[in-house]
Amino acid sequence: MATKAPRTGLAQAIRSPGFTPAVREIRPLLDLLAATDEETARCAERALAGAGPAAALAAVHAFDSASPPLRAGLCRLVGRIAAAAPAPDLVEFLVARLDDPDPKTRRSAAGALGRVRPPDAERHLLAAWRREASPPARRSIAEALGKTGGAAALEVLLDPGTDDAGMRRIADRAALMIRRTLGRVDASRIDLSASPPAPLPVLLHCRAGLEGILRDEAPAELRARIVAPGLVAATLDAPPDRLFRMRTMLRFGFPVGTTRVAPGADPTEAAARLIAGERAAAVFRFWTAGPTRYRIEWSGAGHRRAATWGVALAVERLRPGLINDPSGSAWEAVVSEADGSSAVELQPKAFDDPRFAYRRRDVPAASHPTIAAALARIAGAREDDVAWDPFVGCGTELVERGLLGPYAEMHGSDVDPRALEAARENLRASGLRRWKLSPGDARRHVPAPGVTLIITNPPMGRRVPRREPVDVLHEEFLRHAALVLVPGGRLAWISPAPERAIAAARGAGLRPAGRQRVDMGGFEAEMQAFLKPP
């Protein structure tokens, strides 16, 4: 295919992630797939992929007259589009390219079939494996077999017929992927109803700032103690499902050890030894129903793809019964690295958390249930409470207050009818009674006489745009809240501007009774409690 200069500005336009080429621009963009500048080639492929089947058809038509390295780029583009919109003619094109004279094109074809995963991919890839002489192309075939192969491919990958370390590593990884796929017939689940045979350390996670509330919420027999921001350590000698009594807990996990990593040593081996060790095996054995599948997560370190594969392969070597399977895992093995040490915590995943089953519907910027539960505990519970949430959202604060203890009535109001619908559905699902929802502006609405408690998480202007500044809204609401509350009444809410809120509340005649900074998920705010003097 003759190379033509792309129209002025096209090479620059493709650098915009949202650029989609017109039909007349597809042909000149195909030439850029062979650009020596890798960034240009990558951006051209992304833009052409956005054009969909039209770009794939143009690539197929242009292929016969193209020369390397453009042939490999065209093949890669067809595979990318076919992965999103499979078509028999595109699959047929890719299969034919497995026998192309150009080794890079054969590599691209194998990789593309690994992404598309047509039903007969294994057969075609194994045939290509038997006739392939190029080591790089063989590596690409092995990688594709890991995504598409079955028992026949597994047999080949277990003995690839070479001592090349790179090839062996790719073949081992592909074989692990196939074993993972073949083993998915039996589901892996967690059963948390069994007691451990001996007391076991457990870590309770919460939003940073709520450690004290979580510790106080924990049963005395857990001997809970704060160890770090967002982390409470305890000792478990009962079934783990007892932990669901703590409504401010985000999740829990079992630490299985910390080990030093010698200078210059491979840190993945240290993590693998902990995951495959006896302490981890005991945790898996106590509470796993079916095969043990786990997923590796790196604490505060992103995905770390190469390290993840290194750990998974080492674990399989040390304890073959453990299956690394990100898609169907029952456990998450969280690896932390600090000060030359590796630590692993096993967190259960494949179970139903009964605490927040009432939450059938959501609205933007709604409270996380653990935040609402903490706010309810700051507010406290009285049998004569007439509670009001003036920014009711999906009703989470009212439900958590109702579940905390006895009350007389609960009222919720909001200016958004969709929020009222969501709150109504969630309150019904909670099984609570004596509640009422009504439309109303928090700065003027009076839900009922004798309000003893206002509990709410007001809009903070971060995820839902508002016409007026939130600080003005908050100050006007505080003045109205002071009028609605009976003498001796309480207000518990969350403020993104704590000092300003304290000043406004004092000005309205409310007395501060408690303050607690809390991580709201990307920003900090303050839980505040106020009293209206008797």
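Figured I'd write up the structure that's included with this text. Since the model is a prediction, treat every value here as computed from it, not as a measurement. (Residues numbered from 1 in each chain as written. Predicted model: local features only at pLDDT ≥ 70, side-chain atom pairs only at ≥ 80, totals over all residues. Heavy atoms only, no water.)

### Focus on the environment of Lys 532
Positionally, Lys 532 belongs in the segment after strand E17 (524-531). A C-alpha to C-alpha distance of 18 Å links Lys 532 and Pro 498, two positions 34 residues apart in sequence. Residues in contact with Lys 532, not counting those within four places in the same chain, are Ala 482, Leu 483, Leu 485, Val 486, Pro 487, Gly 488, Gly 489 and Leu 510. (Helix = DSSP H or I, 4+ residues; strand = E, 2+ residues; numbered from the N terminus. Contact = heavy atoms within 4.5 Å.)

### A short note on helix H11 (residues 165-182)
Taking 1.5 Å of rise per residue, 18 residues should cover 26 Å, and H11 covers 26 Å from first to last C-alpha, within 8% of that figure. Taken as a whole, H11 has its buried residues at Gly 166, Met 167, Ile 170, Ala 171, Ala 174, Ala 175, Leu 176, Met 177, Ile 178 and Arg 180. Buried residues along H11 sit in contact with helix H8 (121-131), helix H9 (135-148), helix H10 (151-158), helix H15 (305-318) and strand E8 (322-324). (Expected span 1.5 Å × (residues − 1). Buried < 20%, exposed > 50% of the residue type's maximum accessible area, 1.4 Å probe, protein only.)

### Details of the sheet that holds strand E11 (residues 386-389)
Strand pairs in the sheet, formed through backbone hydrogen bonds, run parallel or antiparallel to each other. In spatial order, the strands read E13-E12-E11-E14-E15-E17-E16; together these seven strands make up an open sheet with mixed pairing. Two strands lie at the open edges of the sheet, namely strand E13 (435-439) and strand E16 (511-519), each paired on one side alone. Across the sheet, the mean angle separating the axes of adjacent strands is 15° when strand polarity is ignored. Sheet analysis places E11 next to strand E14 (residues 451-456), joined by two bridges and oriented parallel. When the bridges of E14 are listed, Ala 387 appears paired with Leu 453. Running at roughly 150° to strand E15 (residues 485-495), helix H16 (residues 369-379) makes contact with E14, E15, E16 and E17 of the sheet. Packing against the sheet, helix H17 (residues 396-404) makes contact with E11, strand E12 (409-414), E13 and E14, and its axis sits at approximately 170° to E12. (Pairing = 2+ DSSP bridges. Axes fitted to C-alpha atoms, helices over the stretch in contact; angles between N-to-C directions.)

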